[in-house]
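Coordinates in review
One-letter residues, chain by chain:
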Amino acid sequence: MYVLGIETSCDETGVAIFHSQQGLLSHHLYSQVKTHADYGGVVPELASRDHVKKLIPLISRALSAAGIDKYRVDGIAYTAGPGLIGALLAGAAVARSLAWALGIPSVAVHHMEGHLLAPLLEPDPPEFPFIALLVSGGHTQLVEVEAIGRYKILGESLDDAAGEAFDKTAKMLGLGYPGGPEIGRLADEGLAGRFVFPRPMTDRPGLNFSFSGLKTHTLTTLAATSSTRQDKADIAAAFQEAVVDTLLIKSQRALEETGLVRLVVAGGVSANRRMRKKLHEMGREKGYRIYFPRLEFCGDNGAMIAYAGCQRLLAGHAEPLEIRARPRWPLSDLLPP
Ligand SMILES: Nc1ncnc2c1ncn2[C@@H]1O[C@H](COP(=O)(O)OP(=O)(O)OP(=O)(O)O)[C@@H](O)[C@H]1O
Ligand SMILES: [Mg+2]
């Protein structure tokens, strides 16, 4: 089965062709980072308009890179939520109407299920069950994953998501958007241990997170220095270490409490090199297997949507003749295919 996957939930237009037996055949991504950079964050209306412009050319490119024409496609998967409503509608409208024109089914994919399943695109995929740590721009969640569609949220952020904390802290340090990669680079120049930030909510039981306090900590620490590049690098290193340690402590706790031995980490923040290193070390030490997507599939992409959609299409799922998008959509609402 050939599946066309379409991702437009935020500021990336992602398109991919996935084949149920042959795997991923092609994928293309257009990032709107430059469009939003001057504003320091995503401007929803600009995002929607850009998706409208980029989608059809990207679909044509993905089809020709996969060596097929549109009449060979058996189903279309698209991100229906959560995300920005206008951006979601751009993808949903193209996906649903193209499927209708071709007389094939289309299926609405949950964006976070896409992230969660992205490591299954790798050559040595994790077996079920596992714990998923979803760390992105809008979410920080620990999920017990029994099978595709069987998700139990064990904990989540009570305020800022991990990626959001990276973005806001980067802004305070005068760095560009998105802040995660910028903080990662600056932290490499930082002196580990000059500043020590708290590991929020790790001193009490439970698996929830809270990252908003780290912003205040960044501000007060910065104000007490002369704000040189070295000061900022030392702060970036301390901030990154605090976020990574907090995510590590809670992930380890989730594994211990459930007795599971596999941890899947996904979402934009899973590209963080310090986190990948520390989690792999923890895994080796404690006997857990840790799985990450390849770097290009940590952030938003069409491949993860094509993959997740393919599993549902194979099980016979199909959308009714309507264009559906859900800006808010709890992951725990999903059912198995
Ligand atoms: N190397 C990195 N280190 C830390 N954070 C990173 C890194 N690379 C990207 N990020 C962060 O990842 C986030 C983007 O991830 P992603 O695209 O998955 O989020 P989103 O799609 O905006 O949100 P969601 O998936 O929750 O809807 C941004 O906050 C960005 O700063
Ligand atoms: Mg995302």
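Residues numbered from 1 in each chain as written. Chains lettered and ligands numbered in written order. Predicted model: local features only at pLDDT ≥ 70, side-chain atom pairs only at ≥ 80, totals over all residues. Heavy atoms only, no water.

Turning our eyes to something else, we now look at the site of ligand 1. Surrounding ligand 1, one finds 20 residues, the nearest of these being Ser136, Gly138, His139, Asp167 and Asp300. At a separation of 2.9 Å, an oxygen atom of ligand 1 approaches a polar backbone atom of Gly138. The separation between an oxygen atom of ligand 1 and a polar side-chain atom of Asp167 is 2.7 Å. Coverage of ligand 1 by the protein amounts to 86% of the 640 Å² it exposes when considered alone. In terms of residue class, the shell around ligand 1 is built from six nonpolar, 12 polar and two charged. Of the domains in this structure, domain 1 (2–116 + 297–333) and domain 2 (127–292) are the two that each give at least three residues to the shell around ligand 1. (Near = heavy atom within 4 Å. Polar contact = N/O pair within 3.5 Å; in protein donor to acceptor, adjacent residues only side chain to side chain. Areas by Shrake-Rupley, 256 points an atom, 1.4 Å probe, with all protein chains shown as cover. Nonpolar A, V, L, I, M, F, W, Y, C, P; charged D, E, K, R; others polar. Domains from an automatic or database assignment.)

What follows covers a nonpolar patch on the surface. A surface patch of nonpolar side chains, amounting to about 240 Å² of accessible area, comprises Ile85, Leu89 and Ile323. Assignment of secondary structure puts Ile85 in helix 3 (residues 85–102). Residue Ile85 is classed as partly exposed on the basis of its relative accessible area of 40%. (Patch = residues over 30% accessible without salt bridge, like charges linked within 9 Å, V, L, I, M, F, W, Y side chains within 5 Å. Salt bridge = Lys/Arg side-chain N within 4 Å of Asp/Glu carboxyl O. Helix = DSSP H or I, 4+ residues; strand = E, 2+ residues; numbered from the N terminus. Buried < 20%, exposed > 50% of the residue type's maximum accessible area, 1.4 Å probe, protein only.)

Another point: the domain arrangement of the protein chain. Under the domain assignment, the protein chain is made up of domain 1 (2–116 + 297–333) and domain 2 (127–292). Placing a centre on the C-alpha atoms of domain 1 and another on those of domain 2 gives a separation of 27 Å. The junction of domain 1 with domain 2 conceals about 1,500 Å² of combined surface from both sides, 73% of it contributed by carbon and sulfur atoms. Counting across the interface, domain 1 meets domain 2 through zero salt bridges. Mapped onto the side of domain 1 that touches domain 2, the elements with two or more residues apiece are helix 4 (111–117) and helix 10 (302–314). Looking at which element gives the most residues to the side of domain 1 that touches domain 2, the answer is helix 4, with four residues. Its residues placed into classes, the side of domain 1 that touches domain 2 shows seven nonpolar, six polar and three charged. (Buried area = accessible area lost by both parts, 1.4 Å probe.)

Right, let's get into the sheet that holds strand 4 (residues 75–81). As summarised here, the arrangement of the five strands in space is 3-2-1-4-5, forming an open sheet in which the pairing is mixed. Of all strands in the sheet, those with a lone pairing partner are strand 3 (23–31) and strand 5 (106–110), marking the two edges. Neighbour to neighbour, the strand axes of the sheet diverge by 20° on average, direction disregarded. In terms of strand pairing, strand 4 meets strand 5 through five bridges, oriented parallel. The residue bridging Thr79 from the neighbouring strand is Val109, located in strand 5. Against the sheet, helix 3 engages strand 1 (2–7), strand 4 and strand 5, with an angle of about 155° to strand 4. (Pairing = 2+ DSSP bridges. Axes fitted to C-alpha atoms, helices over the stretch in contact; angles between N-to-C directions. Contact = heavy atoms within 4.5 Å.)

Before going further, it helps to examine unusual backbone geometry. Backbone torsion omega between Gly81 and Pro82 reads -15°, so that peptide bond is classified as cis. Among the secondary structure elements, Pro82 is positioned in the loop between strand 4 and helix 3. Located in the positive-phi region is Met201, a residue other than glycine, with phi close to 65°. Topologically, Met201 is positioned in the loop between helix 6 (179–188) and helix 7 (213–223). The phi angle at Ser227 is positive, at roughly 60°, despite the residue not being glycine. With respect to the helices, strands and loops of the structure, Ser227 is situated in the loop between helix 7 and helix 8 (229–258).

Attention now moves to the pairing of strand 7 (residues 140–147). Here six bridges tie strand 6 (residues 130–135) to strand 7, and the two strands are oriented antiparallel to one another. Paired with Ala132 across the bridge in strand 7 is Val143. Hairpin connection, strand 6 to strand 7: the antiparallel pair is bridged by four residues. Summarising the sheet, strand 7 and strand 8 (residues 150–156) pair through six bridges and their orientation is antiparallel. Paired with Leu142 across the bridge in strand 8 is Gly155.

With mixed pairing, the five strands of this open sheet are ordered in space as 8-7-6-9-10. Of all strands in the sheet, those bounded by a partner on one side alone are strand 8 and strand 10 (289–291). In this sheet, adjacent strand axes meet at a mean angle of 25° when their direction is disregarded.

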